[in-house]
Amino acid sequence: MVDRERVPTLCQVVLDCTDARALAEFYRSLLGLVYRPGDEPPETGVDERGRDWLVLRTPGGGPQLAFQQVDELPEATWPDHRVPQQLHLDLTVSSVAELEEQHERVLRLGGRLRYDRIDDPEEPLRVYADPAGHPFCVFVG
């Protein structure tokens, strides 16, 4: 058993991207997250924060998603392994019907289907690429 007083706490997952604001907006819309105070898009003018580092929080607390601007980022080619995914997010829904509903939302928000296993009786799932090319799964859990 691990001594809980001696382990770090997971704060956030950070995704590199070439357009931090666009990727943050994708996940904000997809997952219902909110910007950390000060990271919201500006009403007018230059979006300085959006060209560097942004943080999204879950409304109820818990681990966050952060977005770090980089100059270039090769898109993961999963399931081909030429450019490995290195990390992916797993998202769950409660039914195949909800998986179908979320499929439409993901596509509407700019995600791309990479792998479809919705007919698997044990674990229906779909793998997508976000607008920056990071893979993520939505499965019935």
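Not measured: the values here are computed from a predicted model. In every chain, residue numbers begin from 1 and rise along the written sequence. Residue-level local features of this predicted model are given only where pLDDT is at least 70; pairs of side-chain atoms are given and counted only at 80 or more, and the full residue set underlies all totals for whole chains, interfaces and linings. Derived side-chain values reflect all non-hydrogen atoms in the structure, with water molecules and hydrogen atoms excluded from consideration.

**Q** I'd like a rundown of unusual backbone geometry, residues and numbers included.
**A** Residue Pro79 is reached from Trp78 by a cis peptide bond, and omega for that bond is 10 degrees. Each helix is a run of DSSP H or I of at least 4 residues and each strand a run of E of at least 2, with the numbering of both proceeding from the N terminus. Topologically, Pro79 is positioned in the loop between strand S4 (64-69) and strand S5 (89-93).

**Q** So what's going on with the packing of aromatic side chains? Which residues, and what values?
**A** Aromatic pairing here means that ring centres of Phe, Tyr or Trp (its six-membered ring) are within 6.5 Å. Orientation follows from the plane angle: under 30 degrees is stacked, over 60 is edge-to-face, and everything else is tilted. The full count for this structure, using the stated rule, is six aromatic pairs. When the ring of Tyr128 is compared with that of Phe136, the centres are 5.5 Å apart and the planes differ by 25 degrees; the resulting orientation is stacked. Accessibility assignment for this pair places Tyr128 and Phe136 in one class, buried. Clustering of aromatic rings is evident, with ring pairs tying together Phe26, Tyr27, Phe67, Tyr128 and Phe136. Think of it in three bands: residues with accessible area under 20% of the maximum for their type are buried, residues over 50% are exposed, and the middle band is partly exposed, with areas taken using a 1.4 Å probe on protein chains only.

**Q** Go over the sheet that holds strand S1 (residues 12-17), please, and point to the residues and values.
**A** Read across the sheet, four strands follow the order S1-S4-S3-S2 without closing on themselves; strand pairing throughout is mixed. Only two strands of the sheet have a single neighbouring strand rather than two, namely S1 and strand S2 (34-35). Bridge count for strand S3 (residues 53-57) against S4 is four bridges, and the pairing is antiparallel. Bridge pairing links Val55 to Ala66 in S4. Contacts are assigned to residue pairs that have any heavy atoms within 4.5 Å of one another. Working convention: axes come from line fits to C-alpha atoms, limited for helices to the stretch in contact. Angles between N-to-C directions cover 0 to 180 degrees. Across the sheet, helix H1 (residues 20-31) touches S1, S2, S3 and S4, and the angle it forms with S4 is around 160 degrees. Paired strands are those between which DSSP finds at least two bridges.

**Q** Help me get a handle on the sheet that holds strand S8 (residues 135-140), residues and values and all.
**A** Backbone-to-backbone hydrogen bonds pair the strands of a sheet. The strands run either parallel or antiparallel. Here we have four strands laid out as an open sheet, ordered S5-S8-S7-S6, and mixed in their pairing. Bordering the open sheet on either side are S5 and strand S6 (112-117), each of which pairs with just one other strand. Averaged over neighbouring strand pairs, the angle between their axes works out to 20 degrees when direction is ignored. Of the pairings in the sheet, the one linking S6 to strand S7 (residues 125-129) comprises five bridges and is antiparallel in character. Paired with Tyr115 across the two strands is Val127, which belongs to S7. Running over the sheet, helix H2 (residues 96-109) touches S5, S6, S7 and S8 and is turned about 10 degrees from S7.

**Q** I'd like a description of H2, backed by residues and values.
**A** By this rule, a helix spans an expected 1.5 Å times one less than how many residues it contains. Between its first and last C-alpha atoms H2 spans 20 Å; for 14 residues at 1.5 Å apiece the expected length is 20 Å, and the two agree. Within the sequence span of H2, burial applies to Leu99, Gln102, His103, Arg105 and Val106. Packed against the buried residues of H2 are H1, S5, S6, S7 and S8. Phi for Gly110, located one or two positions after H2, is positive at around 115 degrees.

Taken by themselves, the reported measurements are silent on function.
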